[in-house]
Structure formats: structure tokens, C-alpha cells
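So the chains spell out like this:
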Amino acid sequence: MSAPLPRPAGDVVGRPAASPARPAPPPAAARPAPPPGAARPARSRRHRFLPPQHGAWAMLLLPYAAAVCVTGLRWPDLPLLGAWLAGYLFSYYALLAVKTGRTDRVRPQLLAYGGAAALLAAPVLLARPAVLGYAPLYALLVAVNVWYARRRRERALANDLASVAQSVLMVFVLATVAGVSPAALTGVAGAVAAYLVGTVLYVKTMIRERGSAGYRWASLAYHLAALLVAVVWWGLAVAVVFALLLLRAAVLPGRRLTPVRVGMIELVGCLSVLAVVVGHWA
């Protein structure tokens, strides 16, 4: 919008001429600092304890929801969910401390989420001590996250895939909690993993690697392979959803969609995968 034309002083009858311009406000450095006890805005306080990684919640909840719907809900599943979410929040701020070297800045978050994760995990371990068998795998995958955080390369593809593996592993943890053979949920874990890996590639083509032809071709090739697997092993309904995921990976890259719209499309895809996984394996 263009700026309005200046109006001559006193151009309206009976209205005095414009007063002289007020002096410019002092620079930010010269302004007095707020008093120590001044309240911060609620938004900034909330963001101190909630990471701005909205896509991570789908990655956390999809494997959990799919496994619980297939195996049935047991009481240890509820504290396990709390420990799972608190553990993710703890790991986010712990990796932030590794990246910046400033543990003091995130100490309140580490204490709050670490304590919550430990308290919630305790009844699960007492009821199902066999879940400790997954600890070495989680430790190995977290070590990958730490390695990339130290090098400030947490957006690397390998680091994202390590996070996907941690989430998919929760399917087998829930199978152990339910007293079901983990092998019985291999198809569930495979379909969830296929979707999440495809989402990592697709979202990179939409945001951080928008102009990369290599990422676009890799995303298309991966989604085509996932569709073929779905057709051969997972049934018609699952194959239809993966065909739609392939279509969005082929059509949407290159279009100027906002991150919010990209996220909304992925939410629909996530819920669709959950529905067909539960319908096929429950």
C-alpha cells in the first residue's frame, strides 16, 4: 500500500495547523529496563516449556495410538504415555543444552520433565520390567541425536531418521507391555515407519530443501517404494492411503504453501494412516 499524500497545514477550515513532529523515541539500548519483578507475557513463559516443534507431536503419538488400538489398552499404557511425552520434552531441552553449552538456561525444564518422566516410568517398569530390554536401543539412537546436536546439525536427515526410529520403537514397547509378541506388530511398525520416513522427506521438499531436485526425486522414489510394499503386503486400504501420500509428494513440492498448511495436510495424512493401520491389524 502506498503512503498517503501529505496534507498542507491548515487545509481544513477551523482546524489548526499540524503541530511540530514529536522527537523520535530513544533507541532500545537507552530505554530503561523493566523492573526485575515485572511479569513476562504468558506466550513467552509457555514457549520456555513447550518446544516449537509441532510436527514432533504426530511422530510421538501416531506409533503409540496405533499400537494401543491394535493391542488394547492396559493400565500401564497410561503412565507410559506420560513418561513418553515427558521424556521427549526432557530430551529436547537436554539436546538444546548440548548444542549451546548452556545447561543453566534450561535447568528448570530439565528438572521438571526429567522428574516427571522418572515418576511416570516407575510404575511401568515395576509392572513390566521386560521393557528395560529396549533401553540399549534407545540409548544408541539418542547418542546419534547428541552427536548431531554437538555439531549443530540437528536438521540432518540421519538425525531425523534416528528420531523416527525412536518413535517407531514405541510400537514394540507397547507390545511388550500388552504381553504380545513384538513380532505380531511388525506390520504396524512397518506401516507407521513408512509413513513417518516419507513425511520427513516430503516436508524437507516443502520447507528446508524446497529448491532441491535431489530431495524431490528421493521423496518420490521413496513414496513409490512404500506404495509397492503396501500393495504387496498391507492390503488395499493401506495401499490407497499410500497412493494419496505419493500423490501429495509428487504434486505439492514447488507450490508456495505455508508451514501451517503443510502441517494441516500432514495431520490429515497421519490420521488416515492411523485409521487404515487400526482397520487392517486390529
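What counts, and at which threshold
- Residues numbered from 1 in each chain as written.
- Predicted model: local features only at pLDDT ≥ 70, side-chain atom pairs only at ≥ 80, totals over all residues.
- Heavy atoms only, no water.
- Helix = DSSP H or I, 4+ residues; strand = E, 2+ residues; numbered from the N terminus.
- Buried < 20%, exposed > 50% of the residue type's maximum accessible area, 1.4 Å probe, protein only.
- Contact = heavy atoms within 4.5 Å.
- Areas by Shrake-Rupley, 256 points an atom, 1.4 Å probe, with all protein chains shown as cover.
- Expected span 1.5 Å × (residues − 1).
- 1 Å grid on protein atoms, 1.4 Å probe; cavity = no way out; pocket = protein on both sides within 12 Å on 5 of 7 lines; lining within 4 Å.
- Points joined across faces, edges and corners; volume = space filled by probe spheres on them.
- Nonpolar A, V, L, I, M, F, W, Y, C, P; charged D, E, K, R; others polar.
- Salt bridge = Lys/Arg side-chain N within 4 Å of Asp/Glu carboxyl O.
- Axes fitted to C-alpha atoms, helices over the stretch in contact; angles between N-to-C directions.
- Parallel < 35°, antiparallel > 145°, perpendicular 65-115°, else oblique.
- Left-handed = near helix turned anticlockwise from the far one by under 90°.
- Phe/Tyr/Trp six-rings, centres within 6.5 Å; stacked < 30°, edge-to-face > 60°.
- Lys NZ or Arg CZ within 6 Å of the ring centre and 35° of its normal.
- pLDDT = per-residue confidence, 0-100.
- Core = buried A, V, L, I, M, F, W, Y, C linked by side-chain atoms within 4.5 Å.

A. Spotlight on the overall build of the chain. Per the secondary structure count, the chain includes 10 helices and 0 strands. Start at the N end of the chain and walk to the C end: the helices and strands fall as α-α-α-α-α-α-α-α-α-α. Here the chain holds 282 residues, and 35% of them are scored as buried. Put simply, 72% of the contacts in the chain that link residues at least 6 apart link residues at least 24 apart. Roughly 16,600 Å² of accessible area belongs to the chain as shown, and the carbon and sulfur atoms make up 68% of that amount.

B. Structural view of helix α8 (residues 213–234). Its 22 residues place the ends of α8 30 Å apart at the C-alpha level, agreeing with the 32 Å of an ideal helix rising 1.5 Å per residue. On its buried face, α8 is in contact with α6 (157–178), α7 (186–206), α9 (236–251) and α10 (259–281). Just beyond α8, the residue with positive phi is G235, at close to 95°.

C. The arrangement of the environment of L228 in detail. Mapped onto the elements, L228 comes out in helix α8. Separated by 11 residues in the primary sequence, L228 and A239 place their C-alpha atoms 7.9 Å from one another.

D. Broad picture of the layout of surface pockets. Taken as a whole, the second largest pocket holds about 160 Å³ of empty space. Around the second largest pocket, the lining residues are V241, L244, L245, R248, I265, E266, V268, G269 and S272. Of all the elements in the fold, those that place two or more residues in the lining of the second largest pocket are α9 and α10. Looking at the lining of the second largest pocket, its residues break down into 5 nonpolar, 2 polar and 2 charged.

E. Quick look at the pattern of salt bridges. Scanning the entire structure with this criterion turns up 4 salt bridges. Residues R248 and E266 are paired through a salt bridge, measuring 2.8 Å at the closest nitrogen-oxygen approach. Of this pair, R248 sits in helix α9 while E266 sits in helix α10, and the two are 18 residues apart along the sequence. Since its relative accessible area comes to 9%, E266 is described here as buried.

F. Main features of the packing of helix α2 (residues 55–71) against helix α3 (residues 77–100). Put simply, α2 and α3 touch, their axes get as near as 11 Å, and they point 160° apart. Classed by the angle they form, the pair α2 and α3 counts as roughly antiparallel. Handedness of the α2/α3 crossing: right-handed. Side by side, α2 and α3 meet where A56, W57, L60, L61, Y64 and V68 of the first sit next to D77, L78, L81, W84, L85, Y88 and L89 of the second. In the contact of α2 with α3, the residues fall into 12 nonpolar, no polar and 1 charged.

G. How the structure looks around the packing of aromatic side chains. Here the structure, examined in full by the defined rule, presents 7 aromatic pairs. A ring pair is formed by W84 and Y138, whose centres lie 6.3 Å apart and whose planes are at 65°; its orientation type is edge-to-face. Taken together, the residues span a long stretch of sequence, with W84 in helix α3 and Y138 in helix α5 (residues 135–150) at a distance of 54 residues. Since its relative accessible area comes to 16%, Y138 is described here as buried. Between the aromatic rings of Y92 and Y93, the centroid separation amounts to 5.0 Å while the plane-to-plane angle is 85°, which identifies the pairing as edge-to-face. Following the ring pairs from residue to residue traces out a cluster consisting of Y92, Y93 and Y113. A cation over an aromatic ring shows up here: R248 above the ring of Y202, its NZ or CZ 4.0 Å from the ring centre.

H. The confidence of the model for the chain, seen in detail. Predicted confidence across the chain gives a mean pLDDT of 87, with 83% of residues reaching 70 or more. In this model residues 1–22 is a low-confidence stretch, pLDDT under 50, and it forms 6 contacts with partners more than four residues away in sequence or in other chains.

I. Geometry of the nonpolar core. In this structure, V188, Y195, L196 and F242 are the most contacted members of the largest nonpolar core, which totals 57 residues. Mapped onto this core, the elements with two or more residues apiece are α2, α3, α4 (107–127), α6, α7, α8, α9 and α10. The element that contributes the greatest number of residues to this core is α6, accounting for 10 residues. Discounting chain neighbours no more than four positions away, the residues touching L196 are M59, L62, P63, V164 and V168. With 6 residues, the next largest nonpolar core counts Y202, M206, L252 and L257 among its residues.

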